[in-house]
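# Structural overview for review
Given next are the chains, with one letter for each unit.
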Amino acid sequence: MANKGPSYGLSREVQSKIDKKYDPELEERLVHWITLQCGDSVGKPQPGKLGFQQWLKDGCILCELINSLFKDSKPVKKIQSSPMAFKQMEQISQFLAAAERYGVTKTDIFQTVDLWEGKDLAAVQMTLLSLGSLAVTKSDGCYRGDPSWFHKKSQENKREFTEEQLKEGQNVIGLQMGTNKGASQAGTTGYGRPRQILNN
């Protein structure tokens with residue numbers, strides 16, 4: 001798994017396209033947010049993709065991040081740094097499960113190997129971006145940082161109408177449907193009839 005050699009041909013092309021999606025500016029913003037959210041104890045990574053991956057690889061920082069977004073019951077009970085690969089991957093999986101519970105959609109969640117093996121760090125960025133957007137949108141006091149770092153997600157705006165209002169709406173012809181005011185069939189000719197040309 002971790003001892004994978006270089007890729008060639010099509011797989012190299014695909015990996016190159018995935019690597020191009022990685023955003024160094026977004027990395028900077030995410031690192032700043034995570035350090036504010038979790039505290040200075042998490043430290044800062046070396047700049048660049050590899051440093052970002054090594055910083056998050058054991059899953060401890062991710063678990064601390066998701067725990068900081070919950071007020072009472074923390075979703076990840078035990079956060080423990082371990083040199084063993086399966087323990088690190090397990091912690092990443094716990095973060096992903098907690099992020100989904102928090103409200104991040106399945107399509108926005110990266111796979112464990114995307115981070116642990118560094119296969120798709122752009123997907124990791126997208127998950128963290130989505131998590132930040134949700135935290136800003138919920139505005140429950142758990143989010144720390146500048147709200148302008150993430151866009152707010154759209155929220156449901158449910159409206160209630162009375163029966164009377166619904167009945168009134170049935171009598172209105174919307175302008176999208178056009179209007180028939182002033183329209184008549186006067187002067188129209190039947191189909192297939194030739195145009196009359198009179199010479200005097």
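Above this text is the structure in question.
Notes on the structure in this doc start here. (Residues numbered from 1 in each chain as written. Predicted model: local features only at pLDDT ≥ 70, side-chain atom pairs only at ≥ 80, totals over all residues. Heavy atoms only, no water.)

Turning to the overall build of the protein, a few remarks are in order. Broken down by element type, the protein carries eight helices and zero strands. Taken from N to C terminus, the helices and strands of the protein fall in the order α-α-α-α-α-α-α-α. Across the protein, contacts joining residues at least 24 apart in sequence account for 56% of those joining residues at least 6 apart. Of the roughly 14,300 Å² of accessible surface on the protein, 51% is carried by carbon and sulfur atoms. (Helix = DSSP H or I, 4+ residues; strand = E, 2+ residues; numbered from the N terminus. Contact = heavy atoms within 4.5 Å. Areas by Shrake-Rupley, 256 points an atom, 1.4 Å probe, with all protein chains shown as cover.)

The final tally for this structure, using the stated rule, is two aromatic pairs. One residue, K57, lies across the ring of W116, its end atom 4.5 Å from the ring centre. The positively charged end of K138 is found above the aromatic ring belonging to Y102, 3.7 Å away from the centroid. (Phe/Tyr/Trp six-rings, centres within 6.5 Å; stacked < 30°, edge-to-face > 60°. Lys NZ or Arg CZ within 6 Å of the ring centre and 35° of its normal.)

This part is about the nonpolar core. Soluble globular proteins tend to bury their nonpolar side chains together. Within the largest apolar cluster, 42 residues are counted, with the highest numbers of intra-cluster contacts made by W33, L56, F95 and L128. Residue assignment for this core shows that the elements contributing at least two residues are helix 2 (24–38), helix 3 (49–56), helix 4 (60–68), helix 5 (85–102), helix 6 (112–116) and helix 7 (121–138). Counting residues per element, this core draws most heavily on helix 7, which supplies nine residues. Other than its neighbours up to four places away in sequence, L128 contacts L30, W33, I34, F52, L56, L62, L65, F95 and F150. (Core = buried A, V, L, I, M, F, W, Y, C linked by side-chain atoms within 4.5 Å. Buried < 20%, exposed > 50% of the residue type's maximum accessible area, 1.4 Å probe, protein only.)

Turning to the side chain of Q37, a few remarks are in order. Residue position: Q37 is located in helix 2. With residues near it in sequence (within four places) discarded, Q37 still touches L65, S68, L69, C142, Y143 and R144.

On to the pattern of salt bridges, then. Evaluation of the coordinates by the stated rule reveals two salt bridges. Note that E117 and K119 form a salt bridge whose closest N and O atoms lie 3.7 Å from each other. Residue classification places E117 among the partly exposed residues on the basis of a relative accessible area of 24%. (Salt bridge = Lys/Arg side-chain N within 4 Å of Asp/Glu carboxyl O.)

So, on to the side chain of Q53. Of note, Q53 is situated in helix 3. Those residues in contact with Q53, other than ones at most four positions away along the chain, are L115, W116, E117, G118 and L121.

This part covers the packing of helix 4 against helix 5. For any two helices packed against each other, the geometry is given by the interaxial angle and the distance between the axes. Two elements in contact, helix 4 and helix 5, have axes separated by 8 Å at closest approach and are oriented at 25 degrees. Classified by the angle their axes make, helix 4 and helix 5 are roughly parallel. Remark: the crossing between helix 4 and helix 5 carries left-handed chirality. Where helix 4 abuts helix 5, its residues C60, L62, C63 and I66 lie against Q91, F95, A98, A99 and Y102. Looking at side-chain class alone, the contact of helix 4 with helix 5 contains eight nonpolar, one polar and no charged residues. (Axes fitted to C-alpha atoms, helices over the stretch in contact; angles between N-to-C directions. Parallel < 35°, antiparallel > 145°, perpendicular 65-115°, else oblique. Left-handed = near helix turned anticlockwise from the far one by under 90°. Nonpolar A, V, L, I, M, F, W, Y, C, P; charged D, E, K, R; others polar.)

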